[in-house]
Amino acid sequence: ACVGESCDDTECVYENNDRACNDDNLCTINDQCSNGDCAGVSDDCDDSDACTEDLCDLSVGCYHIDRRDECNEISVCEITHCTEDLGCVTDQLTGVCDDQNLCTMGDSCQNGECIGRISLDCDDYNPCTIDSCDPSSGCEYQMLEDGLSCDMGFSDYGICHNGNCVY
């Protein structure tokens with residue numbers, strides 16, 4: 001198709017042409033003769049949908065794999081979804097949430113994360129315990145050894161006995 005011939009009584013003349021042709025490749029477009037060969041430009045198969053992956057197979061041509069399910073995620077403070085124009089888009093939520101930390105209160109969504117705003121006060125006002133907080137179990141109180149000095153307040157001192165400050 002890309003070489004034309006003309007013959008007279010004595011000889012045939014072959015000339016390249018620049019006609020449209022078919023290169024039998026389903027992944028090319030705008031096939032055109034050039035220098036005696038038929039070749040096309042690679043087809044990017046773009047369907048203008050950012051939620052699909054655009055591919056080409058030599059035997060079937062262009063095809064598209066839907067990737068919407070890969071975008072669909074919901075977390076405590078974010079929702080991710082797919083739009084044809086932008087692809088995967090994450091929207092940040094606001095409001096009350098649970099950060100799964102028993103040492104915080106007033107949890108709320110901030111910049112896509114659940115953040116506890118107030119630290120839990122675990123002070124039991126007992127000078128014979130060490131007060132702490134474990135994020136998975138909450139307030140914890142460790143008794144000091146018996147016989148240690150403790151401040152009962154108002155400049156009164158006692159000793160620790162069974163986790164209590166006594167005289």
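For the structure itself, consult the block above.
Basis of the calculations
Residues numbered from 1 in each chain as written. Predicted model: local features only at pLDDT ≥ 70, side-chain atom pairs only at ≥ 80, totals over all residues. Heavy atoms only, no water. Disulfide = S-S within 2.5 Å. Buried < 20%, exposed > 50% of the residue type's maximum accessible area, 1.4 Å probe, protein only. Helix = DSSP H or I, 4+ residues; strand = E, 2+ residues; numbered from the N terminus.

*Asks:* Just checking my understanding: could you explain the state of the cysteines for this structure?
*Replies:* Two cysteines whose sulfur atoms are joined by a covalent bond form what is called a disulfide. Enumeration over the complete set of coordinates arrives at 13 disulfides. Shown here is the disulfide that connects Cys7 with Cys12, its sulfur atoms set 1.9 Å apart. Handedness of the Cys7-Cys12 disulfide follows from its S-S torsion of about 105°: it is right-handed. On the basis of relative accessible area, Cys7 is assigned to the partly exposed category, the value being 46%. Each disulfide pairs two cysteine sulfurs, and for Cys122 the partner residue is Cys139, the sulfurs being separated by 2.0 Å. In this structure, the disulfide formed by Cys122 and Cys139 twists by about -80° around the S-S bond and is classed as left-handed. Separated by 17 residues along the polypeptide, Cys122 in the loop between strand E13 (118-119) and strand E14 (129-134) and Cys139 in strand E15 (residues 138-143) bring together distant segments of the chain. What makes Cys139 partly exposed here is its relative accessible area of 29%.

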